[in-house]
Amino acid sequence: MTRPARRPSEGYRRAIAARRAFSLPGYVTLAQAGFDGDYVSPIQIEAGNLTGPMLISKDWLDAPSARANRVELERRGTLPGIVYNRVIDRVLALLGLGRSDIYITPVFHLLVPRRSHPIPAAHARACFDAVGRHELLGRRPVALGHDAARVLQHFAIPHVATIHPSRRGLGLEARAARIAHAMEAA
């Protein structure tokens with residue numbers, strides 16, 4: 001098992017600063033929601049290995065869910081019971097990894113107003129251009145779902161595309177197997 005990088009790289013520090021500076025009307029920043037920290041996304045509390053495999057999805061959470069689950073999110077940065085995290089845990093088990101071995105981030109670093117809120121492509125691209133590009137650190141990311149893949153394609157960033165962990169129509173094990181396969185290909 002690899003250990004998370006103890007000293008953030010200059011690129012990661014730029015990503016944190018860019019996330020703090022980025023805002024768009026209609027969305028809540030992490031600072032406005034009380035989740036500002038020395039990370040780009042709170043999910044990196046447990047999955048912030050700067051040298052580990054990189055997973056990129058659409059967004060972190062919606063503002064109401066973040067506020068309602070503040071205690072758990074401040075501690076872990078994730079909600080273990082949601083499908084997304086249950087699938088990621090199965091992926092990691094298949095690969096013999098822990099959360100501290102990987103890096104997870106969204107392409108959109110603001111909080112959306114409600115669960116499953118659509119993010120216009122222009123907003124996702126603007127956020128990734130301002131923030132996410134600093135997080136790549138030379139890694140070939142795994143894009144979890146169409147939204148993340150489209151943003152990476154727009155910027156011609158080499159990546160491996162796969163399904164989103166919350167995709168419907170497949171069981172948790174089938175989703176985990178597909179994502180694990182994509183991580184091995186990255």
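Note that the structure is predicted; figures quoted are calculated from it, not measured. (Residues numbered from 1 in each chain as written. Predicted model: local features only at pLDDT ≥ 70, side-chain atom pairs only at ≥ 80, totals over all residues. Heavy atoms only, no water.)

Enquirer: Tell me what's going on with the sheet that holds strand β1 (residues 54-59), and back it up with residues and numbers.
Expert: Spatial ordering of the open sheet is given by β2-β1-β3-β4, a layout of four strands whose pairing is parallel. Edge positions in the open sheet fall to β2 (103-108) and β4 (160-162), since each of these has one partner strand only. Strand-to-strand, the axes of this sheet are offset by a mean angle of 30°, without reference to chain direction. The pairing of β1 with strand β3 (residues 142-144) spans two bridges and is classified as parallel. Within the sheet, the bridge partner assigned to I56 lies in β3 and is A143. (Pairing = 2+ DSSP bridges. Helix = DSSP H or I, 4+ residues; strand = E, 2+ residues; numbered from the N terminus. Axes fitted to C-alpha atoms, helices over the stretch in contact; angles between N-to-C directions.)

Enquirer: Tell me about empty space enclosed by the protein, and name the residues and values.
Expert: On inspection of all chains with the given rule, the structure shows one cavity of 30 Å³ or more. There is about 30 Å³ of room inside the largest cavity. Considering the residues around the largest cavity, the lining is formed by L30, V40, S41, P42, W60, P106, F108, H109, L110 and L111. Split by residue class, the lining of the largest cavity holds eight nonpolar, two polar and no charged. (1 Å grid on protein atoms, 1.4 Å probe; cavity = no way out; pocket = protein on both sides within 12 Å on 5 of 7 lines; lining within 4 Å. Points joined across faces, edges and corners; volume = space filled by probe spheres on them. Nonpolar A, V, L, I, M, F, W, Y, C, P; charged D, E, K, R; others polar.)

Enquirer: Quick rundown of the environment of T29? Include the residues and the values.
Expert: On the secondary structure map, T29 appears in the loop between α1 (10-21) and β1. Its relative accessible area of 11% is what places T29 among the buried residues. Separated by 83 residues in sequence, T29 and V112 place their C-alpha atoms 9.2 Å apart. Sequence-distant contacts of T29, defined by excluding residues within four places in its chain, comprise F22, S23, L110 and L111. (Buried < 20%, exposed > 50% of the residue type's maximum accessible area, 1.4 Å probe, protein only. Contact = heavy atoms within 4.5 Å.)

Enquirer: I'd like a rundown of the packing of aromatic side chains, residues and numbers included.
Expert: Counted under the stated rule, the structure contains four aromatic pairs. Ring centres of F128 and F155 lie 5.6 Å apart, and the angle between their planes is 40°; on these two criteria the pair is classed as tilted. Taken together, the positions of F128 in helix α5 (residues 121-130) and F155 in the loop between α6 (146-154) and β4 put the pair 27 residues apart, joining distant regions of the chain. Sitting over the face of the ring of Y103, R139 holds its NZ or CZ atom 4.4 Å from the ring centroid. (Phe/Tyr/Trp six-rings, centres within 6.5 Å; stacked < 30°, edge-to-face > 60°. Lys NZ or Arg CZ within 6 Å of the ring centre and 35° of its normal.)

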